[in-house]
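Structural characterization, general
Next come the chains, spelled out residue by residue.
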2 protein chains.
Amino acid sequence: RQRAMAAWARAVRGLLLDVSGVLYDSGGDGGVPIAGSVEAVRRIKASGLKLRFCTNETQATREKFVKKLQGMGFDISVAEVTAPAPAACRLLKERSLRPHLLVHDDLVPEFAEIDKANPNCVVIGDAAENFTYANLNEAFRLLIGMEKPVLISLGRGRYYKETDGLKLDVGAYMKALEYACDVQAEVVGKPAKKFFESALAEMGVPAEQAVMIGDDIVNDVGGAQRCGMRALQVRTGKYR
Amino acid sequence: RQRAMAAWARAVRGLLLDVSGVLYDSGGDGGVPIAGSVEAVRRIKASGLKLRFCTNETQATREKFVKKLQGMGFDISVAEVTAPAPAACRLLKERSLRPHLLVHDDLVPEFAEIDKANPNCVVIGDAAENFTYANLNEAFRLLIGMEKPVLISLGRGRYYKETDGLKLDVGAYMKALEYACDVQAEVVGKPAKKFFESALAEMGVPAEQAVMIGDDIVNDVGGAQRCGMRALQVRTGKYR
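Residues numbered from 1 in each chain as written. Chains lettered and ligands numbered in written order. Predicted model: local features only at pLDDT ≥ 70, side-chain atom pairs only at ≥ 80, totals over all residues. Heavy atoms only, no water.

You'll find chain A entered in an unreviewed UniProt entry as Phospholysine phosphohistidine inorganic pyrophosphate phosphatase, with Trogon melanurus given as the organism. Taken verbatim from the UniProt record of chain A, the Function (unreviewed entry) comment is "Phosphatase that hydrolyzes imidodiphosphate, 3-phosphohistidine and 6-phospholysine. Has broad substrate specificity and can also hydrolyze inorganic diphosphate, but with lower efficiency." According to the UniProt record, the Sequence similarities (unreviewed entry) comment for chain A is "Belongs to the HAD-like hydrolase superfamily." (UniProt positions renumbered as here; feature names shortened; annotations may be inferred.)

Spelled out as structure tokens, the structure:
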């Protein structure tokens with residue numbers, strides 16, 4: 001992987017790095033770094049390349065997420081992370097939407113500034129154990145009761161790899177609600193074009209000088225390519 | 001509803017009756033009969049019409065289901081009920097499939113005769129509270145680990161109405177697994193053609209002399225019409 005990164009690095013000015021499955025494998029224990037990845041981040045930064053961590057993980061606030069990665073030895077700060085929750089907050093504010101949140105408990109603080117009274121939309125993230133029948137049914141009832149149901153999904157991933165095996169991702173539950181309510185979710189996060197565009201803007205690098213590196217052929221590679229970036233699929237993480 | 005039934009009755013020899021949302025509204029308390037439906041069943045039987053109860057409910061064995069309806073006053077026996085679980089068992093036997101069951105606890109006895117060791121398929125029913133993240137993830141891991149994933153779904157309903165409101169049905173969770181595993185479920189139960197055909201065979205009435213009565217436009221009405229039956233949608237149950 002490092003050789004591949006080095007080859008790309010000669011041709012580009014900015015790198016977008018997926019995190020889970022590329023830098024580390026997540027897990028109930030916090031996860032473990034993938035061999036060589038701590039050093040790879042250090043070398044990318046030393047090379048003068050612009051770097052942006054571009055994640056769809058929504059099981060924690062960016063603060064908590066970054067703290068975990070720092071604990072593994074990664075050189076990473078909150079300001080370098082592009083994540084779905086802040087993008088969703090921007091969208092909610094723009095459209096005066098008041099969300100019902102079906103997300104992981106640890107993500108809730110990202111929505112602290114958002115009015116959630118009398119919800120007129122549902123925001124779904126990787127809620128993991130919070131995806132109980134009762135919670136999914138509550139979101140369903142709210143949606144089916146809306147004149148125009150609005151479902152905002154923090155990603156559309158099928159599954160991801162944790163240290164103890166594969167786990168269903170938010171996309172599966174998004175599909176369940178889409179089907180039950182006959183609605184199409186609006187996806188915030190990868191592979192949404194807007195998400196990659198804001199990551200590029202935050203880096204100050206145009207698409208044609210940037211490379212996305214990820215383990216997901218749809219969300220990382222496909223999404224980046226549709227924005228005019230080049231993309232590289234690593235064979236770690238969920239790669240099968 | 002009784003007038004409509006009477007009008008149909010003059011032209012037909014057999015009736016297929018959906019149960020939930022037509023004869024009663026289900027619920028945690030067992031449910032309540034819909035006004036006039038106990039009497040309607042009695043009158044249909046007295047008229048000499050053939051009658052078949054055609055349900056996609058999979059939260060209980062047929063025995064338990066029938067006992068509940070008898071308790072509400074309905075003239076119904078197990079032999080008059082066409083339900084997805086027995087149809088699934090026939091399919092499993094024909095194809096030597098050994099299921100992992102993601103179903104309601106009370107449905108499990110329907111699969112007593114079926115070899116479930118070392119599963120090579122997943123059977124999903126309306127598992128309700130059993131649709132935990134852990135249980136859905138277990139079914140997902142089994143499927144994604146199969147060379148050729150086989151997912152058998154006991155219906156494809158979006159939702160149904162219980163006494164305390166709408167509830168997500170098996171179809172939503174079927175879609176979640178279909179998406180996560182990139183597989184297409186095989187649906188047993190309504191609206192599968194085979195399911196209606198076996199109900200007709202059990203009644204001994206050809207499609208063109210039978211009428212299906214239900215509250216679901218896709219599963220009851222659409223499914224029956226594709227089999228050459230006439231169909232009637234009642235405005236009780238989940239009708240909106």
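**Description of the pattern of salt bridges**
Residues and elements named next belong to chain B. Counting across every chain of the model gives 30 salt bridges over all chains. Here Lys 64 and Asp 106 are joined by a salt bridge, their closest N and O atoms 2.8 Å apart. Residue Lys 64 is located in helix α3 (residues 62-71), and its partner Asp 106 is located in the loop between β6 (99-102) and β7 (121-124); the two are separated by 42 residues in the primary sequence. A relative accessible area of 27% places Asp 106 in the partly exposed class. (Salt bridge = Lys/Arg side-chain N within 4 Å of Asp/Glu carboxyl O. Helix = DSSP H or I, 4+ residues; strand = E, 2+ residues; numbered from the N terminus. Buried < 20%, exposed > 50% of the residue type's maximum accessible area, 1.4 Å probe, protein only.)

**Overview of the sheet that holds strand β4 (residues 50-54) of chain B**
Residues and elements named next belong to chain B. Across the sheet, which stays open at both edges, the five strands sit in the order β5-β4-β1-β12-β13 with parallel pairing between neighbours. Of all strands in the sheet, those with a lone pairing partner are β5 (81-82) and β13 (230-233), marking the two edges. In this structure, strand β1 (residues 14-17) lies alongside strand β12 (residues 210-214), joined through four bridges in parallel fashion. Residue pairing across strands places Leu 16 opposite Met 212, the latter belonging to β12. With respect to the sheet, helix α2 (residues 37-46) is in contact with β1 and β4, its orientation differing from that of β4 by roughly 140°. (Pairing = 2+ DSSP bridges. Contact = heavy atoms within 4.5 Å. Axes fitted to C-alpha atoms, helices over the stretch in contact; angles between N-to-C directions.)

**Topic: the sheet that holds strand β7 (residues 121-124) of chain A**
All names here are of chain A. Reading across from one edge, β6-β7-β8-β11 is the order of the four strands in this open sheet, with parallel pairing throughout. In the strand order of this sheet, the two ends are held by β6 (99-102) and β11 (186-188), each with one partner. This sheet shows a mean twist of 25° between the axes of neighbouring strands, independent of strand direction. With three bridges joining them, β7 and strand β8 (residues 151-154) adopt parallel strand pairing. Residue pairing for β8: Ile 124 is matched across the bridge by Ser 153. The strands that helix α4 (residues 84-94) touches are β6, β7, β8 and β11; relative to β11, the one it contacts most, it runs at about 130°. Each of β7, β8 and β11 touches helix α6 (residues 170-181); the most contacted strand, β8, lies at about 170° to it.

**Digging into the interface of chain B and chain A**
Between chain B and chain A, the residue contacts involve 30 residues of the former and 30 residues of the latter. The junction of chain B with chain A conceals about 2800 Å² of combined surface from both sides, 60% of it contributed by carbon and sulfur atoms. When residues of chain B are sorted by the area they lose upon contact with chain A, Tyr133(B), Leu168(B) and Tyr179(B) head the list and together hold 31% of the total. In this assembly, chain B and chain A are joined by two salt bridges. Measuring nitrogen to oxygen at the nearest pair gives 3.9 Å for the salt bridge that ties Arg141(B) to Asp164(A). Across the chain B-chain A interface, the total number found is 14 residue pairs in polar contact (both at pLDDT 80 or more). Looking at the side of chain B that touches chain A, the elements that each hand over two or more residues are α5 (133-144), β9 (159-162), β10 (165-168) and α6 (170-181) of chain B. Here the side of chain B that touches chain A is built from residues that sort into 16 nonpolar, five polar and nine charged. (Buried area = accessible area lost by both parts, 1.4 Å probe. Polar contact = N/O pair within 3.5 Å; in protein donor to acceptor, adjacent residues only side chain to side chain. Nonpolar A, V, L, I, M, F, W, Y, C, P; charged D, E, K, R; others polar.)

**Here's the deal with the pairing of strand β8 (residues 151-154) of chain B**
All names here are of chain B. Burial along β8 is two-sided: the face carrying Leu 151 and Ser 153 and the face carrying Ile 152 and Leu 154 are both buried. The parallel pair β7 and β8 is bridged by α5, and the resulting crossover is right-handed. Where β8 meets strand β11 (residues 186-188), three bridges bridge the pair, whose relative direction is parallel. Directly across from Leu 154, in β11, lies its bridge partner Val 188. (Right-handed = clockwise from strand over helix to strand, strands pointing away.)

**Here's the deal with the relation of the copies chain B and chain A**
Mapping chain B onto chain A is achieved by rotating through 180° and translating by 0.0 Å along the same axis, at an RMSD of 0.0 Å. One copy is carried onto the other by what is essentially a two-fold rotation axis. Looking at the interface residues of chain B, 100% of them are also at the interface in chain A, so both copies use one shared face. (Least-squares fit on C-alpha atoms with pLDDT ≥ 70 in both.)

**Description of the side chain of Thr61(B)**
Counting through the fold element by element, Thr61(B) comes out in the loop between β4 and α3. Among all residues touching Thr61(B), those that are not within four sequence positions of it are Asp106(B), Leu107(B), Pro109(B) and Glu110(B).

**A few points about unusual backbone geometry**
Cis geometry is found at the peptide bond from Lys190(A) to Pro191(A), where omega equals 5°. Summarising the element assignment, Pro191(A) is placed in the loop between β11 and α7 (193-203). Unlike most non-glycine residues, Ala128(B) shows phi in positive territory, near 50°. Relative to the helices and strands, Ala128(B) resides in the loop between β7 and α5. Relative accessible area serves as the criterion here: at 8%, Ala128(B) is assigned to the buried category. Backbone geometry places Asp182(B), a non-glycine residue, at a positive phi of 50°.

**Topic: the packing of aromatic side chains**
This model, assessed by the stated rule, comprises nine aromatic pairs over all chains. Between the aromatic rings of Tyr133(A) and Phe131(B), the centroid separation amounts to 6.4 Å while the plane-to-plane angle is 35°, which identifies the pairing as tilted. One end of the pair, Tyr133(A), is in helix α5 (residues 133-144); the other, Phe131(B), is in the loop between β7 and α5, on a second chain. Exposure remark for Tyr133(A): the relative accessible area of 3% places this residue in the buried category. Seen from their ring centres, Tyr133(A) and Tyr173(B) are 6.3 Å apart, and the 35° between their planes marks the pair as tilted. In this pair, Tyr133(A) is assigned in helix α5 and Tyr173(B) in helix α6, connecting two distinct chains. Of the aromatic side chains, those joined through ring pairs into one cluster are Phe131(A), Tyr173(A) and Tyr133(B). The ring of Tyr179(B) carries Arg158(A) above its face, with NZ or CZ at 4.8 Å from the centroid. (Phe/Tyr/Trp six-rings, centres within 6.5 Å; stacked < 30°, edge-to-face > 60°. Lys NZ or Arg CZ within 6 Å of the ring centre and 35° of its normal.)

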